[in-house]
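Each chain, written out:
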Amino acid sequence: MTEKFRTPSSINRSPDIDAGWAWVIAVASIFAAAISSGVYFTFSMYFPILLNEFEASRAATAWVGSLNNGVYMLAGPIATLFIQRIGCRWTVMVGGMTSMIGLALSSLAPNLVTLFFTYGGITAFGLGLNYTSWIVAISDSFNKKHAVAFSLSQSGVGLGIFVFGPLFSFLISVYGWRGAMLITGACTFQLTFLGALIFPPRIPKEIVSCESLPLANDKICTDEEIQTILNTLNAETPALDNLPTAVSLKWMTHCCWMLHLSCFLWSVATSIPYILLADYARSLDLVEYYIIMLSTMGIGDLVCRLVIGPLVTVWKLDVTKVYAVSQLVCAIAIASFPVVVNGIQMIIQGFLFSVTFGCQCLLLALVPRSLFGSQNLNRIFGITMFFGGIGILIGPPIAGLLVDSTPGRSYWVAFVFASVMELLAAAATIGCLFFAKRKC
């Protein structure tokens, strides 16, 4: 019988890498991202309603949304453990069922504290399992076309904001916030069926035949034949030069910490507008424009995520530099919210913010892969998500406290605070780029 052996690089020649079933996974991830973002980015629609329902302060009510967004990202390391144990497929399916249960329980919540556990905890944990799993699944299914495929998959976020924003507004007006959450739970259950489409790439059955090598014959090999064997094996195995050294580990550690800090500050900054914009629009008597702005933000997010991936691939851009620039522009967009005077300006501001936000969300997963390689993405991205979760956890409550403590309940202090956090995030990203260039 002819012996066959598989080398570490055999997976890269799988018919499901950059082709075949990989694109089925990419398309499924679009709809999964749309459903998740529909829950993640539309809490601001519930915020004013919950303020009136439970008669709590803005800081306390904001904890519901910040817990949801924070646990969503804090679940990254736990999702990594799930993926290592049961794989991306089952992790997504468990996440879909968990989020459904959380939203169903949220629709029965008698007080704000219950929502902290159901909507802020259970629902967010399920969605967090889903988010991390799809990123790893796309990374496992694509190599040369990873940036394009990831850009396509993340376009579902903008699609979700565009579709679910008006849909949730309609559901709340017809069924109330409790009925809307119950129906949303039915939507998140569809993540279970989408996760069932994830399969690991097939490994080619025949990689190298031992009969093609001189050692397969019962004879003494010459020096030339031994060299042929070594050349064949070296072509199929990774170079030992790529193994981490003390110097490489040092710069990688520095880069990791700067990236974690950047994600933390970015999460603090960008979580504030998404939580407070609905209440801010109401304070300006521009509620009717808010729904339009939310859909416009979905379009901006969708277009940006579709475009930035191919641009990075075709023009061979440094994703870390693009990430830093997008953070700087986003800081300007956030700082301009307090000068809004009419509905048209508010829609334009929301669109500009969503474009920069979508760019950062997309690049956040590409930067670790670019700096540390796909083999380290699973571990590093999960920890980065954890730090981002802490930022989202504390950002909206601080902003709500700033609004409540400002005379006349003005929002300008909260938006300026968010803008400063975004500028500091850009500085941390530049620091990460500095260590990556020096590699020390």
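Positions within a chain are numbered from 1, following the residues in the order the chain's sequence is written. Local features in this predicted model are restricted to residues of pLDDT 70 or higher, and side-chain atom pairs are both shown and tallied only at a pLDDT of 80 or more, whereas totals for entire chains, interfaces and linings draw on every residue. The basis for every side-chain value is the complete set of non-hydrogen atoms in the structure, without hydrogens or water.

Caption draft 1: Seen up close, the packing of aromatic side chains. Here a pair means two rings of Phe, Tyr or Trp (six-membered ring of Trp) with centres within 6.5 Å. Their orientation is stacked below 30 degrees between planes, edge-to-face above 60, and tilted elsewhere. In this structure the tally under the stated criterion is 18 aromatic pairs. Between Phe 43 and Tyr 119, the aromatic rings sit 5.7 Å apart at their centres with planes inclined by 35°, giving tilted as the arrangement. Of the two residues, Phe 43 sits in helix α2 (residues 43-54) while Tyr 119 sits in helix α5 (residues 112-141), which places them 76 residues apart along the sequence. The buried category is assigned to Phe 43, whose relative accessible area is 2%. Secondary structure follows DSSP: runs of H or I at least 4 residues long count as helices, runs of E at least 2 residues long count as strands, and numbering of each begins at the N terminus. Relative accessible area decides the class of each residue, using a 1.4 Å probe on protein chains only: under 20% of the type maximum gives buried, over 50% gives exposed, and in between gives partly exposed.

Caption draft 2: Local environment of the nonpolar core. The set of buried Ala, Val, Leu, Ile, Met, Phe, Trp, Tyr and Cys residues whose side-chain atoms join them within 4.5 Å is what this entry labels a nonpolar core. Core analysis: the largest hydrophobic core is formed by 114 residues, its most contacted members being Leu 115, Trp 266, Leu 276, Leu 277, Phe 353 and Leu 363. No other element matches the 17 residues that helix α9 (residues 246-283) contributes to this core. Apart from residues lying up to four places away in sequence, Leu 363 is in contact with Ile 308, Val 312, Val 319, Val 322 and Tyr 323. The contact criterion used is simple: two residues touch if any of their non-hydrogen atoms lie within 4.5 Å.

Caption draft 3: Structural context of unusual backbone geometry. Phi at Asp 285 takes a positive value of approximately 60°, unusual for a residue other than glycine. Tracing the backbone through its elements, the reader meets Asp 285 in the loop between α9 and α10 (287-314). Asp 285 gets classed as exposed once you look at its relative accessible area, which sits at 62%. For Lys 316, which is not glycine, the phi dihedral falls at a positive 55°. Classification of Lys 316 as exposed rests on a relative accessible area of 72%.

Caption draft 4: The arrangement of empty space enclosed by the protein in detail. With a 1 Å grid spanning the protein atoms alone, the term cavity applies to any set of points in which a 1.4 Å probe fits but cannot get out, the term pocket to an open set with protein on both sides within 12 Å along at least five of seven lines, and the term lining residue to any residue with an atom within 4 Å of a point. Grid points are joined across faces, edges and corners, and a volume is the space filled by probe spheres set on the points. Summed over the entire model, instances satisfying the criterion amount to 2 cavities of 30 Å³ or more. Phe 41, Tyr 72, Tyr 131, Gln 154 and Val 157 are, among the 29 residues lining the largest cavity, the residues nearest its centre. For the lining of the largest cavity, the secondary-structure elements that each account for two or more residues are α1 (21-40), α3 (58-74), α5, α6 (146-188), α9, α12 (343-372) and α13 (377-405). It is α1 that contributes the most residues to the lining of the largest cavity, 6 residues altogether. Only Asp, Glu, Lys and Arg are considered charged, only Ala, Val, Leu, Ile, Met, Phe, Trp, Tyr, Cys and Pro nonpolar, and every remaining residue, Gly among them, polar. Looking at the lining of the largest cavity residue by residue, the class counts come to 19 nonpolar, 9 polar and 1 charged. If you add up the space inside the second largest cavity, you get close to 40 Å³. As for the second largest cavity, its lining consists of Gly 38, Val 39, Thr 42, Tyr 46, Leu 103, Tyr 119, Phe 168, Met 181 and Thr 184. Among the secondary structure elements, those contributing two or more residues to the lining of the second largest cavity are α1 and α6. With 3 residues, the single largest contributor to the lining of the second largest cavity is α6. Along the lines of polarity and charge, the residues of the lining of the second largest cavity split into 6 nonpolar, 3 polar and no charged.

Caption draft 5: Structural detail: the confidence of the model for the chain. The predicted model of the chain averages 82 in pLDDT, with 85% of residues at 70 or higher. At the level of individual helices and strands, the chain shows its lowest average pLDDT in strand β1 (residues 4-5), which scores 38, and its highest in helix α7 (residues 190-195), which scores 94. Across the chain, each position has a pLDDT score giving the predictor's confidence in that residue, from 0 to 100. Every residue in residues 1-11 is under pLDDT 50, and counting partners more than four places away or in other chains gives 32 contacts.

Caption draft 6: Looking closely at the packing of α6 against α12. Where α6 meets α12, the axes come as close as 10 Å, and the angle between the chain directions of the two elements is 155°. Looking at the two axes, α6 sits roughly antiparallel to α12. Where α6 crosses over α12, the two elements pack in a sense that is right-handed. Where α6 approaches α12, its residues His 146, Ala 147, Phe 150, Ser 151 and Gln 154 are matched on the opposing element by Leu 362, Ala 365, Leu 366 and Arg 369. Taken together, the residues that form the contact of α6 with α12 break down as 5 nonpolar, 3 polar and 1 charged. Throughout, an axis means a line fitted to C-alpha atoms (over the contacting stretch in the case of helices), and angles, computed between N-to-C directions, take values from 0 to 180 degrees. By definition in this entry, angles of less than 35 degrees are roughly parallel, angles greater than 145 are roughly antiparallel, angles of 65 to 115 are roughly perpendicular, and the rest are oblique. What makes a crossing left-handed is the near helix being turned counterclockwise from the far one by less than a right angle; a clockwise turn instead makes it right-handed.

Caption draft 7: Fine view of the pattern of salt bridges. When a carboxyl oxygen of Asp or Glu is within 4 Å of a side-chain nitrogen of Lys or Arg, the pair counts as a salt bridge. Taken as a whole and judged by the stated rule, the model has 3 salt bridges. For Glu 53, the salt bridge is made with Arg 178, and the minimal N-O distance between the two is 3.7 Å. Remark: Arg 178 occurs in helix α6 and Glu 53 occurs in helix α2; sequence separation between them is 125 residues. Overall, Glu 53 belongs to the partly exposed group, its relative accessible area being 40%.

Caption draft 8: Spotlight on the state of the cysteines. The criterion for a disulfide is a pair of cysteine sulfur atoms lying within 2.5 Å. Taken as a whole, this structure holds 0 disulfides when the rule is applied. Left without a disulfide partner, Cys 304 is nearest to the cysteine sulfur of Cys 359, which lies 4.5 Å away. Relative accessible area serves as the criterion here: at 11%, Cys 304 is assigned to the buried category.

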